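Below, each chain spelled out in residue letters.
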Amino acid sequence: MHKPEQFMEQALNLAIKGWGMTNPNPLVGAVIVKDDKVIGEGYHQKIGGPHAEINAIKDAYQKGYNITGSTLYVNLEPCSHYGRTPPCSEAIIKSGIKEVYIGMKDPNPKVSGRGIKMLQDAGIKVHVGILEKEAIKLNEIFIKYITSKIPFVIMKAAMSIDGKIATCTGDSKWITSEASREYARRIRGRVASIMVGVNTVIKDNPHLNTRIEGLKDPIKIIIDSRGRTPLDSNIFKSGAKTIIFTTDLIDKEKLSELTKYADVIILESELPPESKTPPTVPLKKVMENLGQLEIDSVLIEGGGTLNWSALKEGIVDKVMFFISPMIIGGVDAKTPVEGVGFKNIGECIRLKNTSVTTIDTDILLEGYPE
């Protein structure tokens, strides 16, 4: 006899197959079981497509099974409203499924318990909270975005064990292993967008692609307060959409040129024009704008200056540091977070719910700013 956790784990593994294709919708997998045997399975494959429950029901029918009296396992509460697709709760009720195990309640205000109530009102036995911790982690992006309309922000960096992201001459290829770099590219395929500062564009001239078959490239976002992005940058050659956030201090002629290559969004500078301090793009306003564009997640792959600004403004939800067992040294060698820095230890940002994973010879440290 299988335990409910085993079937829910199967549903979670199915959900991962929708990685990067469902944004801003959640990752959902579903498994239909009868007489302790899986008779149907499915996952949410792409935005606007059938939900996991519908695909699992179709799968069971196509295999010739009778669904009546079966049990459904799904990692997120079935929807109860008409959105891009009809409500799944109605389809579950009509199918004859008699018991449903749910990983977590849907945080979407349009659902949030209504799907569960519909099932219960129809006489279906419902269990909520099976592998809930795993279900929440899987959909941390969706949870943040659907409840705030602000993107989930991941700050990623690769550094040596002594905290350097490049040598004193600027050489940084490669600090981490190929396995770590491929893992990082897969994270690019999971998120809706990837963000860098203009200095990274000028110095490294990155493409910011996933370079992995089957994974779509994220929207590219450049933080560029004065419009210094070179027009021949590789970032414009990838085919994926590019958005440049700048300030009202941008040169009008350069603005006209950049609009041929990217969507340019101008935000009000927080410094007076006569100031000698370089203007900064207000990152909280950037996030508000991205949320309005239905961009649910941002991977920051910038240098120390952008990372410091992101942490200082409090927009970072998750930190991913790939740490290589090498020592670079050098007082002038760049670090992952630069800027002014905090003056007192008590002001420093601490991480909670940290985890450590080994990837080849490297260590991946993940955590969430308190």
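Residues numbered from 1 in each chain as written. Predicted model: local features only at pLDDT ≥ 70, side-chain atom pairs only at ≥ 80, totals over all residues. Heavy atoms only, no water.

- Per an unreviewed UniProt entry, the protein goes by Riboflavin biosynthesis protein RibD and derives from Caldanaerobius fijiensis DSM 17918.
- In its Function (unreviewed entry) section, the UniProt record describing the protein reads: "Converts 2,5-diamino-6-(ribosylamino)-4(3h)-pyrimidinone 5'-phosphate into 5-amino-6-(ribosylamino)-2,4(1h,3h)-pyrimidinedione 5'-phosphate." (UniProt positions renumbered as here; feature names shortened; annotations may be inferred.)

Points about the packing of aromatic side chains
Argument step 1. On inspection of all chains with the given rule, the structure shows five aromatic pairs.
Argument step 2. Note on W308 and F342: the rings are 5.0 Å apart at their centroids and 70° apart in plane angle, and the pair reads as edge-to-face. Here W308 is found in helix 11 (residues 304-312), whereas its partner F342 is found in the loop between strand 12 (318-324) and strand 13 (351-359), with 34 residues between them in sequence.
Argument step 3. The class for F342 is partly exposed, based on a relative accessible area of 35%.
Argument step 4. A network of ring pairs unites the aromatic residues F7, Y73 and Y101 as a single cluster.
Argument step 5. Cation over ring: K173 sits above W174, and NZ or CZ is 5.3 Å from the ring centre.
Argument step 6. Across the ring face of W19, the terminal group of R190 is positioned such that the distance to the ring centre comes to 5.4 Å. (Phe/Tyr/Trp six-rings, centres within 6.5 Å; stacked < 30°, edge-to-face > 60°. Helix = DSSP H or I, 4+ residues; strand = E, 2+ residues; numbered from the N terminus. Buried < 20%, exposed > 50% of the residue type's maximum accessible area, 1.4 Å probe, protein only. Lys NZ or Arg CZ within 6 Å of the ring centre and 35° of its normal.)

Some points on the packing of helix 2 (residues 52-62) against helix 3 (residues 88-95)
Argument step 1. Packing of helix 2 against helix 3 brings their axes to within 9 Å, and their N-to-C directions diverge by 30°. By the criterion of interaxial angle, the relationship of helix 2 to helix 3 is roughly parallel. Seen along the crossing, helix 2 lies across helix 3 with a hand that is left-handed. The residues of helix 3 that touch helix 2, namely those facing E53, I54, I57 and Y61, are C88, A91, I92 and S95.
Argument step 2. Along the lines of polarity and charge, the residues of the contact of helix 2 with helix 3 split into six nonpolar, one polar and one charged. (Axes fitted to C-alpha atoms, helices over the stretch in contact; angles between N-to-C directions. Parallel < 35°, antiparallel > 145°, perpendicular 65-115°, else oblique. Left-handed = near helix turned anticlockwise from the far one by under 90°. Contact = heavy atoms within 4.5 Å. Nonpolar A, V, L, I, M, F, W, Y, C, P; charged D, E, K, R; others polar.)

Focus: the sheet that holds strand 10 (residues 263-267)
Argument step 1. Here we have nine strands laid out as an open sheet, ordered 10-9-8-7-11-6-12-14-13, and mixed in their pairing. Lying at the two open borders of the sheet, with one neighbouring strand each, are strand 10 and strand 13. Within the sheet, the average angular offset between the axes of one strand and its neighbour, ignoring direction, is 20°.
Argument step 2. Of the pairings in the sheet, the one linking strand 8 (residues 219-223) to strand 9 (residues 242-247) comprises four bridges and is parallel in character. Note that in strand 9 the partner of I221 across the bridge is I243.
Argument step 3. Across the face of the sheet, helix 6 (residues 140-148) comes into contact with strand 6 (152-160), strand 11 (297-300), strand 12 and strand 14 (362-369) while running at roughly 140° to strand 6. (Pairing = 2+ DSSP bridges.)

What about the UniProt feature "active site" (unreviewed entry) in the protein?
Argument step 1. The feature "active site" (unreviewed entry), as annotated in UniProt, sits at E53 in this numbering.
Argument step 2. By secondary structure assignment, the location of E53 is in helix 2.
Argument step 3. With residues near it in sequence (within four places) discarded, E53 still touches A30, L72, V74, L76, P78, C88 and I92.

A closer look at the sheet that holds strand 3 (residues 71-76)
Argument step 1. Spatial strand order, 2-1-3-4-5: five strands in an open sheet with mixed pairing. With partners counted over all chains shown, the strands left at the sheet margins are strand 2 (37-43) and strand 5 (125-128), one partner each. Put simply, the sheet's adjacent strands are angled 15° from each other on average, direction ignored.
Argument step 2. As paired strands, strand 1 (residues 29-34) and strand 2 are joined by six bridges and run antiparallel to one another. The residue bridging V31 from the neighbouring strand is E41, located in strand 2.

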